[in-house]
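Breakdown of the fold
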Amino acid sequence: TLEWTANYYLTKDKHDMKVLAGYSYQDFTSTGFRAENSNFSSDAFTYNKLSNGTWDKNTPGQMMDSWKGRNQLAALFARVNYSYDDTYLLSASVRYEGSSKFGKDNKWGAFPAASAGWRISNMSFMKDIRNIDDLKLRFGFGIAGRQDFDRYTALATYSGAGQWLADGQWIQVFGAGNNPNPNLGWEKSINYNLGVDYSFFSGRLNGSVDFFLRQSKDMIYNYTAPVPPLISSEIWMNVG
């Protein structure tokens, strides 16, 4: 994981501003290996002498397997927070993100967000009201991207297609593993939020009340596909 960020702060009179910009890169790699055998002459070795087993060579199967998977996630991002007299609050951000999991035509997506707040307790008409320490009204909007599904889902892959007996030997057969989808892209979550933060009686009573609306768009789902013309009976698509 790499996270590079730059920050800038400005305070002048009643104005306060904070700016952040950065770049993020994440690289995920997983590898695995397994081996198995059976029909051992003795259990004394436990798993330390796998070659002692007499696996039935005439039965189709795999005694060993290994695998490797990799995917990357990269993003450029920026955020601006502004406050006037700690009473009027504004925030805006954007994240331009790319994932190797998606199809070649839709690897990148832009996800903006913005929010505004009004600290009512700082207004002059609130000064004579006792027992109100803090009262803030806020509204927010944002779009978030989702890429939490298996790597290589959008790509054409090969996978094991069973065993084939040829010249007295069982041979591993490989075939098409899935239906590729070069158009598979980001699933989006669109969020609206309206909330109130409060603190009363010298901090003895405080909390928040929130109302939010969340809508999913271009949901990623595994749908039934016709064979032919496709080579597999399922395909991942942005439909929901």
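Residues numbered from 1 in each chain as written. Predicted model: local features only at pLDDT ≥ 70, side-chain atom pairs only at ≥ 80, totals over all residues. Heavy atoms only, no water.

**Looking at the packing of aromatic side chains**
Tallied over the full model, the rule gives 10 aromatic pairs. When the ring of Phe111 is compared with that of Trp186, the centres are 5.2 Å apart and the planes differ by 70°; the resulting orientation is edge-to-face. In this pair, Phe111 sits in strand E5 (residues 108-119) while Trp186 sits in the loop between strand E8 (169-176) and strand E9 (187-200), placing the two residues 75 residues apart along the sequence. The exposure class assigned to Phe111 is buried, which follows from its relative accessible area of 6%. Feature note: the residues Phe102, Phe111, Phe149 and Trp186 constitute an aromatic cluster, connected by ring pairs. Taking NZ or CZ as reference, Lys101 lies 5.6 Å from the ring centre of Phe149, over its face. (Phe/Tyr/Trp six-rings, centres within 6.5 Å; stacked < 30°, edge-to-face > 60°. Helix = DSSP H or I, 4+ residues; strand = E, 2+ residues; numbered from the N terminus. Buried < 20%, exposed > 50% of the residue type's maximum accessible area, 1.4 Å probe, protein only. Lys NZ or Arg CZ within 6 Å of the ring centre and 35° of its normal.)

**Some details on the pattern of salt bridges**
Overall, the coordinates contain 10 salt bridges when judged by the stated rule. One salt bridge in this structure joins Asp218 and Lys188, with 3.3 Å as the shortest N-O distance. Linking Asp218 in the loop between strand E10 (205-217) and strand E11 (220-224) with Lys188 in strand E9, this pair joins segments that are 30 residues apart in sequence. You can call Asp218 partly exposed: its relative accessible area is 25%. (Salt bridge = Lys/Arg side-chain N within 4 Å of Asp/Glu carboxyl O.)

**Observations regarding the sheet that holds E9**
What the 8 strands build is an open sheet, ordered E1-E2-E3-E4-E5-E6-E9-E10; its pairing is antiparallel. Each end of this open sheet is capped by a strand with a single partner; those strands are strand E1 (2-12) and E10. Averaged over all adjacent pairs, the angle separating strand axes in this sheet is 10°, with direction ignored. Alignment of strand E4 (residues 88-99) against E5, held across 11 bridges, turns out to be antiparallel. Its bridge partner lying in E5, Tyr88 is registered against Trp118. (Pairing = 2+ DSSP bridges. Axes fitted to C-alpha atoms, helices over the stretch in contact; angles between N-to-C directions.)

By themselves these figures say nothing about function.
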